[in-house]
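Commentary on secondary and tertiary structure
Single-letter residue listing:
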Amino acid sequence: MKDVQVKNCVKLIRVERGNMTQGDLAKMIGVTRQTMNLIEAQKYNPTIKVCLLIAAALNTSIDKLFWMEDEE
């Protein structure tokens with residue numbers, strides 16, 4: 001399997017969409033604030049379900065929030 005790193009811009013979109021907090025977004029999608037922090041820090045790759053819930057909560061598409069980069 002090719003080595004890739006999953007990147008995201010969840011924090012940027014979250015702040016742009018009304019400056020909601022990590023806790024606000026976490027509550028909307030049913031995860032902890034700590035989980036949201038790890039996702040935004042790119043230290044945890046969320047499940048596809050969580051990715052879809054984040055995209056819906058932020059009223060954007062999943063491909064604008066998450067993408068893959070080759071590790072070289």
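For clarity, every value in this text was computed on a predicted model and none was experimentally measured. (Residues numbered from 1 in each chain as written. Predicted model: local features only at pLDDT ≥ 70, side-chain atom pairs only at ≥ 80, totals over all residues. Heavy atoms only, no water.)

1. Here we look at the overall build of the protein chain
Heads up, the rule is: Strands here mean DSSP runs of E at least two residues long; helices mean DSSP runs of H or I at least four residues long; both are numbered from the N terminus. Here the globule rule is a power law, 2.2 Å times the number of residues to the power 0.38, and the radius of gyration is based on C-alpha atoms. The cut-offs for exposure are 20% and 50% of the maximum accessible area for each residue type, with area from a 1.4 Å probe on protein chains only; residues under the lower value are buried, those over the upper are exposed, and the others partly exposed. It only takes one pair of heavy atoms within 4.5 Å for two residues to be counted as in contact.
Looking only at helices and strands, one finds five helices and two strands in the protein chain. When the helices and strands of the protein chain are placed in sequence order, the string is β-α-α-α-α-α-β. Over its C-alpha trace the protein chain gives a radius of gyration of 12 Å, about what one expects of a compact globule, namely 11 Å for 72 residues. Projecting the C-alpha coordinates of the protein chain onto the three principal axes gives extents of approximately 35 × 20 × 20 Å. Expressed as a percentage of its 72 residues, the buried residues of the protein chain come to 31%. Put simply, 62% of the contacts in the protein chain that link residues at least 6 apart link residues at least 24 apart.

2. Points about the environment of Val-15
Structurally, the position occupied by Val-15 is in helix H1 (residues 10–16). Between the C-alpha atoms of Val-15 and Cys-51, which are 36 residues apart in sequence, the distance is 17 Å.

3. As for the side chain of Glu-40
Inclusion rule: Within 3.5 Å is the distance limit for a polar contact, defined as a pair of N or O atoms, with the added protein rule that one can donate a hydrogen and the other accept it, and that residues adjacent in sequence qualify only through two side-chain atoms.
Within the element layout of this structure, Glu-40 appears in helix H3 (residues 33–40). By relative accessible area, Glu-40 is classed as buried at 12%. A polar contact is formed between the side chain of Glu-40 and the side chain of Arg-14, at a distance of 2.6 Å. Other than its neighbours up to four places away in sequence, Glu-40 contacts Asn-8, Val-10, Lys-11, Arg-14 and Gln-22.

4. A word on the packing of helix H2 (residues 22–29) against helix H4 (residues 48–57)
Condition: Every angle, taken between N-to-C directions, lies between 0 and 180 degrees, and every axis is a line fitted to C-alpha atoms, over only the stretch in contact when it is a helix. In this scheme the handedness of a crossing depends on how the near helix is turned from the far one: anticlockwise by less than a right angle means left-handed, clockwise means right-handed. Residue classes follow a fixed rule: Ala, Val, Leu, Ile, Met, Phe, Trp, Tyr, Cys and Pro count as nonpolar, while Asp, Glu, Lys and Arg count as charged, and any other residue, Gly among them, counts as polar.
For the pair H2 and H4, interaxial distance at closest approach is 9 Å and the crossing angle is 115°. H2 and H4 meet at a crossing whose hand is right-handed. Together, Leu-25, Met-28 and Ile-29 of H2 and Val-50, Leu-53, Ile-54 and Ala-57 of H4 make up the contact between the two elements. Partitioning the contact of H2 with H4 into residue classes produces seven nonpolar, no polar and no charged.

5. Some details on the nonpolar core
We count it as follows: Side-chain atoms within 4.5 Å link the members of a nonpolar core, which is a set of buried Ala, Val, Leu, Ile, Met, Phe, Trp, Tyr and Cys residues.
One finds Val-10, Leu-25, Met-36, Ile-54, Leu-58 and Leu-65 to be the most contacted residues of the largest nonpolar core, which totals 16 residues. Secondary-structure elements contributing two or more residues to this core are H1, H2, H3 and H4. With four residues, H4 is the single largest residue contributor to this core. Residues within four places of Leu-58 in sequence aside, it is in contact with Val-10, Ile-13, Arg-14, Arg-17, Met-20, Leu-25 and Leu-65.

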